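Residues per chain are reported as follows:
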Amino acid sequence: LAGAWSTQDLSFPPGFIFGAATASYQVEGAWNEGGKSENTWDRYVHEDPTRIKDLTNGDVACDSYHQWKRDIEMAEELGLQFYRFSLSWSRILPSGFPNIINEEGKNYYNNLIDGLLEKGIQPMVTIYHWDLPQSLQNLGGWANPLIVDWFVDYARVAYTLFGDRVKVWITINEPVVFCDGVYNSGRFAPLIYSPEVGAYLCNKYALLAHAKAWRLYDQEFKPKYHGKVSLANQMVWFEPYDSTEEHIELAELARQNSNGRYAHPIYSKAGGWPPSIEKVLEEVSLKRGYSKSSLPAFTQEEIELMRGTYDYFAMNYYTTRLIRKAREGEQFTAWPLGDCIDLNAIIEKREDWPTAESYWFYVFPEGFRRQLNWMKQQYGDMEIIITENGISTAGGLDDQERIQYYRDHLEQILLAVKEDGLNVTGYCAWTLMDNFEWGDGLAVKFGLYEVDFSDPMRKRTPRASARYYSDIISSHSLDIPIDYSGYKDTKK
Ligand code: PNW
């Protein structure tokens, strides 16, 4: 991976596009307004406020349901070429099913999409970002195979309502988080703890739901709208604890488990589960006394249904983890995603990796390039769009850590593109503005814009990193000064 590096290489390839992202539950608020029904996150935060670190919730969040014009203005201030946001399923389909389409929900997204397009900003729409209608959860949610068709019905509504203007789609955001992260750890909505079983059911049905929704678009909408559809995967990079054979193998197994289990069925030439994971999970399951593997098998038909259901790879990257074998008597904690729970392994941090404000977040920019190269090595050449990347801080407008994080991670993309020949065509910062950061509530900040959550208008103010990011976008290059210290908001 070593290669020459010179300043003239600091420009982004022509056509490389920049954006920023948000998600419905994290920004919209208006949880019971405009005909929206209850979803699993509403239920989770209301049932017991102590589930959220600072006792906050997403009832109002950034109030984007009312402040969407300001959101568009911010996207414009930054010079974004695209804005990634998600649709709230229970805002569009209050029953969860397509029998009732909520006009007010439809109007909200139409306004947002049209407003962005008027400013020349492309909407990139995530159909599902973790906020399941409670009505569907009551029927088993992601552990019920019928969810595949419920999701496809919902995707059809989304394509039908917005497909004439939305050309880039993400079906589902980070299934590893709402499958492994929920069922293996008993945290996060819908708070169903089902270790050894639930996550794998959810894994299977989420991939089938994506695949069927991709095929629906491909067959019925692509011929007239010419857009593209993918699944967004959270790609945590795993580094071996030391250079022993045992740990090198374990790190690769962890990659196959956490990333491959959600990517191999779709992107690999062979299709189906990653073979190494299929083997390990069958062994573990039989040893535990199950009659067969907890990882549900695919039929040949299902393998073919999923294989190749992508137009690009939507990749979210934040962090790298160190992984080692558990020692005698050491218990694996489901922390932080529960994704390695069946590998008898322990997650650690390398001493020289700084920690961000989120408890799970270690900073290791090289992991980003390694992850990109791993994907090419596993699945071959494909277009990759970075659909999330960013860092959490405790707050403040002078966010040097965020500037440094963006600088270092964008540099790794340039290296991957220019030195390693990866086809990365776009980059999306997480996130446009501070928002409801799930279990961490409002206390942990990821925003390019600061949001004043004590202000009824939820006033948004650009951070130093917002100016830095807009300078990168306008110069289409990293060859700009990075010292924005002492930056004060002058745009107000
Ligand atoms: C993503 N990890 O979640 C989500 O897509 C966003 O909604 C979220 O706000 C953002 O990243 C920041 O947390 C992640 O354990 C969840 O490595 C877990 C991890 C990474 C990202």
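Residues numbered from 1 in each chain as written. Predicted model: local features only at pLDDT ≥ 70, side-chain atom pairs only at ≥ 80, totals over all residues. Heavy atoms only, no water.

Within the protein, the secondary structure is distributed over 16 helices and 13 strands. For 492 residues, the compact-globule formula gives about 23 Å, and the C-alpha radius of gyration of the protein, at 21 Å, lands near that figure. Overall, the C-alpha framework of the protein stretches about 65 × 60 × 50 Å when taken along its three principal axes. Residue burial in the protein is summarised as follows: out of 492 residues, 63% are buried. Summarising the internal contacts of the protein: among those between residues at least 6 apart in sequence, 77% fall at separations of at least 24. Working note: accessible area of the protein is about 17800 Å², and carbon and sulfur atoms make up 51% of it. (Helix = DSSP H or I, 4+ residues; strand = E, 2+ residues; numbered from the N terminus. Rg over C-alpha atoms; globule rule 2.2 N^0.38 Å. Buried < 20%, exposed > 50% of the residue type's maximum accessible area, 1.4 Å probe, protein only. Contact = heavy atoms within 4.5 Å. Areas by Shrake-Rupley, 256 points an atom, 1.4 Å probe, with all protein chains shown as cover.)

Moving on, we get to the pattern of salt bridges. By the definition in use, this model includes 34 salt bridges. Here Glu-73 makes a salt bridge to Arg-70, at a shortest N to O gap of 2.8 Å. One end of the pair is Glu-73 and the other is Arg-70, both in helix H3 (residues 64–78) and 3 residues apart, which spans about a single turn. The class of Glu-73 is partly exposed, set by a relative accessible area of 39%. Where Arg-156 meets Glu-220, a salt bridge forms, and the shortest distance between an N and an O atom there is 2.8 Å. Linking Arg-156 in helix H7 (residues 147–162) with Glu-220 in helix H10 (residues 198–225), this pair joins segments that are 64 residues apart in sequence. For Arg-156, a relative accessible area of 34% translates into the label partly exposed. Assessed through its relative accessible area of 39%, Glu-220 is described here as partly exposed. One salt-bridge network, held together by shared partners, links Arg-70, Glu-73 and Glu-77. (Salt bridge = Lys/Arg side-chain N within 4 Å of Asp/Glu carboxyl O.)

By volume, the largest pocket amounts to about 300 Å³. The wall of the largest pocket is formed by 13 residues, among which Val-284, Arg-288, Ile-341, Asp-342 and Asn-344 lie closest to the centre. Of the residues belonging to the lining of the largest pocket, the class tally is 5 nonpolar, 2 polar and 6 charged. Looking at the second largest pocket, its volume works out to about 260 Å³. In this structure, the second largest pocket is lined by 14 residues; those nearest its centre are Ser-293, Ser-294, Leu-295, Pro-296 and Ala-297. Per-element tally for the lining of the second largest pocket: the top contributor is helix H12 (residues 275–287), with 3 residues. Counted by class, the lining of the second largest pocket contains 7 nonpolar, 2 polar and 5 charged residues. (1 Å grid on protein atoms, 1.4 Å probe; cavity = no way out; pocket = protein on both sides within 12 Å on 5 of 7 lines; lining within 4 Å. Points joined across faces, edges and corners; volume = space filled by probe spheres on them. Nonpolar A, V, L, I, M, F, W, Y, C, P; charged D, E, K, R; others polar.)

Next up on the list: the sheet that holds strand S5 (residues 228–234). Around the barrel, which closes on itself, the 8 strands sit in the order S1-S2-S3-S4-S5-S7-S10-S11 with parallel pairing between neighbours. Within the sheet, the average angular offset between the axes of one strand and its neighbour, ignoring direction, is 25 degrees. The pairing of strand S7 (residues 313–316) with strand S10 (residues 383–388) spans 4 bridges and is classified as parallel. Across the sheet, residue Phe-313 finds its bridge partner in S10, namely Ile-384. (Pairing = 2+ DSSP bridges. Axes fitted to C-alpha atoms, helices over the stretch in contact; angles between N-to-C directions.)

Right, let's get into the site of the ligand. Looking at the ligand, there are 18 residues lining it, with Gln-26, His-129, Arg-321, Glu-388 and Glu-437 nearest. Between the ligand and Glu-388, the relevant distance is 2.9 Å, taken from an oxygen atom to a side-chain nitrogen or oxygen of the residue. In isolation the ligand exposes 450 Å². Once the protein is present, 96% of that is buried. Because more than half of its atoms lie within 2 Å of the grid, the ligand is assigned to the largest cavity. Split into classes, the residues belonging to the shell around the ligand amount to 9 nonpolar, 5 polar and 4 charged. (Near = heavy atom within 4 Å. Polar contact = N/O pair within 3.5 Å; in protein donor to acceptor, adjacent residues only side chain to side chain. Sits in = over half its atoms within 2 Å of the grid points.)

Per the UniProt entry, the sites bearing "active site" (unreviewed entry) are Glu-388 in this numbering. When you line up the elements, Glu-388 lands in strand S10. Here Glu-388 falls in the buried class, since its relative accessible area comes to 4%. Excluding anything up to four places from it in sequence, Glu-388 contacts Arg-84, His-129, Asn-173, Glu-174, Met-315, Asn-316, Tyr-317, Tyr-318, Cys-428 and Trp-430. There is a polar contact of 3.0 Å between the side chain of Glu-388 and the side chain of Arg-84. (UniProt positions renumbered as here; feature names shortened; annotations may be inferred.)

This brings us to the nonpolar core. Residues Trp-41, Trp-142, Phe-151 and Trp-169 are the most contacted members of the largest nonpolar core, which totals 168 residues. In terms of residues, this core owes the most to one element, H10, which gives 15 residues. Ignoring anything within four residues of it in the chain, the contact list for Trp-142 reads Tyr-128, Leu-132, Ile-147, Phe-151, Ile-172, Phe-178, Tyr-183, Leu-201, Cys-202, Tyr-205, Ala-206 and Ala-209. (Core = buried A, V, L, I, M, F, W, Y, C linked by side-chain atoms within 4.5 Å.)

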